[in-house]
Amino acid sequence: MKEGLMAKDIIAMSLREIDRFRIVQGVIQMDLTQVKAAEVLGITDRHIRRLVRRVREEGARGIVHRSRGRASPHRMLKELEERIAGVVEEKYTGFGPTLASEKLFERDGIRISKEKLRQIMMVHGLWQRKRRRREIHPWRERKDHYGEMVQMDGSHHEWLEGRGPRLVLIGYIDDATNRFFGRFYDYEGVYPAMDSLKRYISLHELPVSLYLDKHSTYKTTRQPDLDELLRGERAQTQFERAAKELEIKIIHAHSPQAKGRIERAFGTLQDRLLKEMRLANIRTKDQANRFLEEFLPRFNERFAKVAKKEGDLHRPLPKGVNLREIFCIKATRTINNGNIVKWRGRQLLIESVSIAMRRRKAEIREHFDGEITIKFNGRYLKYREIIEPKPAAREKVKKPVDEPRKRKGKYIPPPDHPWRRHNPSLHHNSYLERVI
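Here the structure is a predicted model, which is why all the values come from computation and not from measurement.

**Q** How do you make sense of the overall build of the protein when you look at a structure like this?
**A** Looking only at helices and strands, the protein has 15 helices and twelve strands in total. By residue count, 35% of the 436 residues in the protein fall in the buried class. For the protein, long-range pairs separated by at least 24 residues make up 61% of all intrachain contacts whose partners lie at least 6 apart in sequence. Split by element, the accessible area of the protein, about 29,900 Å² in all, is 51% carbon and sulfur.

Shown next as structure tokens:
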């Protein structure tokens with residue numbers, strides 16, 4: 001009985017309430033005035049009088065907030081919490097609280113804050129707080145203008161989660177505004193890089209610079225050839241050559257952390273886009289690209305920022321520039337004396353030639369649709385491909401298995417062989433006769 005009384009006399013108070021109780025006691029004992037106490041606590045003198053009255057009537061319990069220990073009238077019903085947890089477990093497994101709360105409202109008509117949903121998911125074991133180890137890297141300030149610098153990279157990820165082929169997302173993010181553009185491809189190479197940049201230019205025009213990594217598509221380790229040495233240039237990839245022709249500056253990052261904006265964007269997309277495509281049951285590359293065109297405007301509306309300074313530094317494509325002639329595989333080859341240009345194991349015979357063309361350099365362009373064009377002194381040349389017939393394969397005559405193999409012995413020339421006349425030691429008798 002004594003223990004029960006003691007338990008009832010225990011009052012839970014915060015440090016703030018303890019300070020208030022001490023000051024109110026000072027007012028009651030006439031050590032402080034009500035005006036001074038109100039000034040110290042940062043409340044009105046009317047509230048001080050209210051607290052003094054409560055402490056005189058109830059003691060220390062009068063300083064405690066009246067709502068402590070009482071259930072909130074706005075609390076969610078237990079049945080509704082169980083229903084929401086069931087929907088999340090059934091439809092949105094692996095979703096974070098933020099994305100799950102958005103999908104619950106969009107698809108199921110359930111409005112719930114992300115913080116409340118986080119608590120429900122943690123109670124039911126549907127989400128666990130992830131502690132991330134923060135690595136310190138030098139911070140680089142954003143560019144001032146839209147189009148001043150665009151970060152580009154490829155994300156190799158299981159985007160379709162096994163429902164279809166493994167895809168690569170080639171992405172572009174504006175450094176000043178965080179606006180994202182991307183497209184799915186089967187691999188990261190010359191064609192995906194050029195095709196994605198061509199699509200970006202058609203939507204946003206030419207950026208001032210591209211910030212990318214040292215993937216072999218974007219930077220080569222080969223030594224410069226003779227033509228590049230004569231021009232005083234370093235060795236370039238086909239992508240670098242195309243960017244240079246469009247006057248787009250290429251900047252290579254030395255680490256993944258240097259292009260952190262697009263790396264973080266890929267992290268967000270690997271969470272949100274992947275799950276959105278799961279809900280839409282996307283299974284092919286074409287379906288993924290069509291879905292991406294609908295998804296990115298909503299994504300940019302939510303995550304894009306306003307640039308520090310007004311103005312768009314994207315440049316319009318100059319008149320007369322044909323992107324098809326730039327986004328291709330381009331190289332120079334010599335026209336030999338037979339008026340033939342060799343290209344990747346193929347022989348192209350030029351039909352209308354002149355003596356001035358022989359042993360001169362011509363420009364070869366191989367387009368991604370398979371067409372090959374030859375250009376010399378600013379004009380295209382007509383050609384036809386020479387296809388040499390393959391030599392017929394000789395039929396191998398199989399020897400019977402039982403037939404014994406003939407062993408090859410040492411060859412001994414006959415006595416009248418011309419070689420013996422010059423090598424008398426091989427014919428002992430004639431040699432001895434001449435010696436005698």
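**Q** I tried to follow the environment of Q347 on my own but got confused; where do I start?
**A** Mapped onto the fold, Q347 is located in strand β8 (residues 346-350). If we skip the residues at most four places from it in the chain, Q347 touches I340, V341, K342, R384, E385, I386 and E388.

**Q** Would you mind showing me how to read the layout of surface pockets here?
**A** Taken as a whole, the second largest pocket spans an internal volume of roughly 520 Å³. As for the second largest pocket, its lining consists of 18 residues, of which E228, R231, R241, K330 and A331 are closest to the centre. Within the residue set of the lining of the second largest pocket, elements represented by two or more residues are α9 (226-230), α10 (238-245) and β6 (329-334). In terms of residue class, the lining of the second largest pocket is built from one nonpolar, five polar and twelve charged.

**Q** How should I be thinking about a nonpolar patch on the surface in this particular structure?
**A** Judged by side-chain polarity, Y187, Y191 and F368 come together as a nonpolar surface patch covering roughly 280 Å² of accessible area. If you trace the backbone, Y191 turns up in helix α8 (residues 190-204). Exposure remark for Y191: the relative accessible area of 32% places this residue in the partly exposed category.

**Q** Explanation requested: unusual backbone geometry in the structure shown.
**A** It is generally the case that most residues other than glycine have a negative phi and that most peptide bonds are trans. A positive phi is found at M30, a non-glycine position, where the angle reads about 70 degrees. Structurally, M30 can be placed in the loop between α2 (15-28) and α3 (34-41). Classification of M30 by relative accessible area gives exposed; the value is 70%. Phi at N377 takes a positive value of approximately 55 degrees, unusual for a residue other than glycine. As for its position among the elements, N377 is in the loop between β10 (372-376) and β11 (379-381).

**Q** Which parts of the structure should I look at to understand the packing of aromatic side chains?
**A** How two aromatic rings sit relative to each other is set out by the distance from centre to centre and by the angle between their planes. This structure, assessed with the given rule, holds 13 aromatic pairs. Their ring planes at 45 degrees and their centres at 6.1 Å tell us that Y172 and F181 sit as a pair that is tilted. F181 shares its class with Y172; the two are buried. Grouped by ring-pair contacts, the aromatic residues F180, F266, F291, F295, F299 and F303 constitute a single cluster.

**Q** Got a minute to help me understand the sheet that holds β11 in this structure?
**A** Each strand in a sheet pairs with another by means of backbone hydrogen bonds, the pair being arranged parallel or else antiparallel. Taken together, the four strands give an open sheet; going across it, the order is β6-β9-β10-β11, and neighbouring strands pair in antiparallel fashion. Each having just a single partner strand, β6 and β11 make up the two edges of the open sheet. Mean inter-strand twist for the sheet, computed between neighbouring axes without regard to direction, equals 35 degrees. Here β6 pairs with strand β9 (residues 361-366) via six bridges, running antiparallel. Along β9, the bridge assignment pairs T334 with K361.

**Q** Explain the sheet that holds strand β3 (residues 180-185) here, please?
**A** Strand order in this open sheet of five strands is β3-β2-β1-β4-β5, and the pairing throughout is mixed. Looking at the sheet topology across the chains shown, the edges are occupied by β3 and β5 (249-252). Each neighbouring strand pair of the sheet contributes to a mean axis angle of 25 degrees, computed without reference to strand direction. Relative to strand β4 (residues 209-212), strand β1 (residues 150-157) is paired through two bridges, and the arrangement is parallel.

**Q** What's the story with the confidence of the model for the protein in this structure? I'm lost.
**A** Detailed reading of the predicted model is not advised wherever pLDDT is low. Taken over all residues, the pLDDT of the protein has a mean of 83, while the share at 70 or more is 88%. Per-element averaging of pLDDT across the protein places helix α15 (residues 428-435) at the bottom with 44 and β3 at the top with 96. Taken together, the stretch residues 1-7 has pLDDT below 50 and engages in zero contacts with residues farther than four places along the chain or on a different chain. This stretch, residues 426-436, has a pLDDT under 50; its non-local contacts, to residues over four places away or in other chains, come to six contacts.

Cut-offs applied
Residues numbered from 1 in each chain as written. Predicted model: local features only at pLDDT ≥ 70, side-chain atom pairs only at ≥ 80, totals over all residues. Heavy atoms only, no water. Helix = DSSP H or I, 4+ residues; strand = E, 2+ residues; numbered from the N terminus. Buried < 20%, exposed > 50% of the residue type's maximum accessible area, 1.4 Å probe, protein only. Contact = heavy atoms within 4.5 Å. Areas by Shrake-Rupley, 256 points an atom, 1.4 Å probe, with all protein chains shown as cover. 1 Å grid on protein atoms, 1.4 Å probe; cavity = no way out; pocket = protein on both sides within 12 Å on 5 of 7 lines; lining within 4 Å. Points joined across faces, edges and corners; volume = space filled by probe spheres on them. Nonpolar A, V, L, I, M, F, W, Y, C, P; charged D, E, K, R; others polar. Patch = residues over 30% accessible without salt bridge, like charges linked within 9 Å, V, L, I, M, F, W, Y side chains within 5 Å. Salt bridge = Lys/Arg side-chain N within 4 Å of Asp/Glu carboxyl O. Phe/Tyr/Trp six-rings, centres within 6.5 Å; stacked < 30°, edge-to-face > 60°. Pairing = 2+ DSSP bridges. Axes fitted to C-alpha atoms, helices over the stretch in contact; angles between N-to-C directions. pLDDT = per-residue confidence, 0-100.

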